[in-house]
Amino acid sequence: MPATFLMSYPRADWQIRGGENFRSKAKAATNPRAAMKEWLQLCDAITHAGGRILVMPPATDAEARHTGMIYTANSGALFKNGDQWTFLVAKMAVAHRQTEKARISAFWKEAGMPTADAAHIWEGQADLTTLPASRYLLTWGVRSVKESLEEARKRLPMGARTLDIQLRDPFFHGDTCLDPLTNRAGDTVLLAHEGAMVDRSLPELRSFLGGRIDVLAVDEGDALAYACNALCVNGTVLLPSGLSTALRGHLLKRGFTLEELELPELFGKGGGGPRCLVNELRGFVLNDDAPGYAHLRDKLHALAETYPESLP
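Residues numbered from 1 in each chain as written. Predicted model: local features only at pLDDT ≥ 70, side-chain atom pairs only at ≥ 80, totals over all residues. Heavy atoms only, no water.

Honestly, the packing of aromatic side chains in this entry has me stumped. Any pointers?
Here the distance between the centres and the angle between the planes together describe a pair of aromatic rings. Summed over all chains, the structure comprises six aromatic pairs. Centroid distance phenylalanine 107 to tryptophan 108: 5.4 Å. Interplanar angle 75°. Geometry classified as edge-to-face. Residue class for phenylalanine 107 comes out buried when judged on its relative accessible area of 8%. Here tryptophan 108 falls in the buried class, since its relative accessible area comes to 0%. Sitting over the face of the ring of phenylalanine 208, arginine 135 holds its NZ or CZ atom 5.9 Å from the ring centroid. (Phe/Tyr/Trp six-rings, centres within 6.5 Å; stacked < 30°, edge-to-face > 60°. Buried < 20%, exposed > 50% of the residue type's maximum accessible area, 1.4 Å probe, protein only. Lys NZ or Arg CZ within 6 Å of the ring centre and 35° of its normal.)

The following block contains the structure:
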């Protein structure tokens, strides 16, 4: 089944507001047209690799700018128990993103998807790492709080095994230091930066995974370049630019196809990599009436040409 991702494009007034990570804190001036074209470039790369995209349009209200909503990894997570689907909507830690919740809930309501609101600060799929054999890594400590872990855990499938991991700055989400990648042969490797973890080690990770998954250590330089925010789609790894030749070599030897994306507006100014701009909807199939990227592509490319190249 092709992977399906939830994505939300930037508005014409997109800019850096919160500055809550080590790249975005400079609050550099943005080019909304370039940002939109970068977003489209990522969509095209995902589509070319065999993925499908469900597009969540931004709010049109002039006051609801929601400049962080493009980072849909934080929007929440889709859970399925039996035949029942629920999208658990995140509760953001940073003030400028807290109003995103209403827009995300309204989108899913219109799609007929049941939702629930996280009771504790929890920044969604970015702090929930899904691995084969029903194993999950639940991360907290910088944005998401420890109390949020049980809320996510109780929605996992029966028999799920979990490992809690506390993070330290500047690794504000699990998807900045832990990244499962699966090649076309079905073999999974977990990229992991040990220095991001307060209370766990790589040997503990390997023990938890029981030898089923290859844990590949990522050094600090690659971790700060968002190596663990690479996105794997059907064996193709979409990488942020600037990663070491050593890491790239390890992935090539493990059978991955690599595609480097240089997106200076979204990654360089906003912070993150491809994975923070998507929310994987595991097991979810788009129907013909859904607002899929394949149907909207021409319209969205035309929209990009209307965006300004700078903001006052």
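Would you mind going over the pattern of salt bridges with me for this structure?
Two side chains with opposite charge may pair up if their charged atoms get near one another. Tallied over the full model, the rule gives 16 salt bridges. Here arginine 153 ties to aspartate 164 by a salt bridge, and the two come within 3.0 Å at their closest N and O atoms. Placement of arginine 153 in helix H3 (residues 148-153) and of aspartate 164 in strand S8 (residues 161-166) is noted, with a sequence separation of 11 residues between them. Each of the salt bridges in this network shares a partner with another, and the network as a whole consists of Arg11, Asp13 and Arg65. (Salt bridge = Lys/Arg side-chain N within 4 Å of Asp/Glu carboxyl O. Helix = DSSP H or I, 4+ residues; strand = E, 2+ residues; numbered from the N terminus.)

Even after reading the chapter, I still don't get the sheet that holds strand S15 (residues 279-280), so can you show me in this structure?
Strand pairing in a sheet relies on backbone hydrogen bonds, with the paired strands running either antiparallel or parallel. Taking strand neighbours across the sheet as the criterion, the three strands line up as S2-S1-S15 in an open arrangement whose pairing is mixed. Of all the strands in the sheet, just strand S2 (52-55) and S15 have a single pairing partner and so form its edges. Note that strand S1 (residues 4-7) and S2 share four bridges and pair parallel. The partner of phenylalanine 5 across the bridge, within S2, is isoleucine 53. Across the face of the sheet, helix H1 (residues 32-48) comes into contact with S1 and S2 while running at roughly 170° to S1. (Pairing = 2+ DSSP bridges. Contact = heavy atoms within 4.5 Å. Axes fitted to C-alpha atoms, helices over the stretch in contact; angles between N-to-C directions.)

Explanation requested: helix H4 (residues 202-209) in the structure shown.
Every α-helical turn comprises 3.6 residues, leaving residues that sit three or four positions apart pointing alike. Inspection of H4 places Leu202, Leu205, Phe208 and Leu209 among the buried residues, and these make up the whole buried set. Seen along its axis, H4 keeps its buried residues to an arc of 120°; they face one direction. Opposite its buried face, H4 presents the exposed residues Pro203 and Ser207, each directed more than 90 degrees away. On the buried face of H4, the contacting elements are strand S6 (128-131), strand S7 (135-140), S8, strand S9 (178-182), strand S10 (188-192) and strand S11 (214-217). (Arc of directions from axis to C-beta.)

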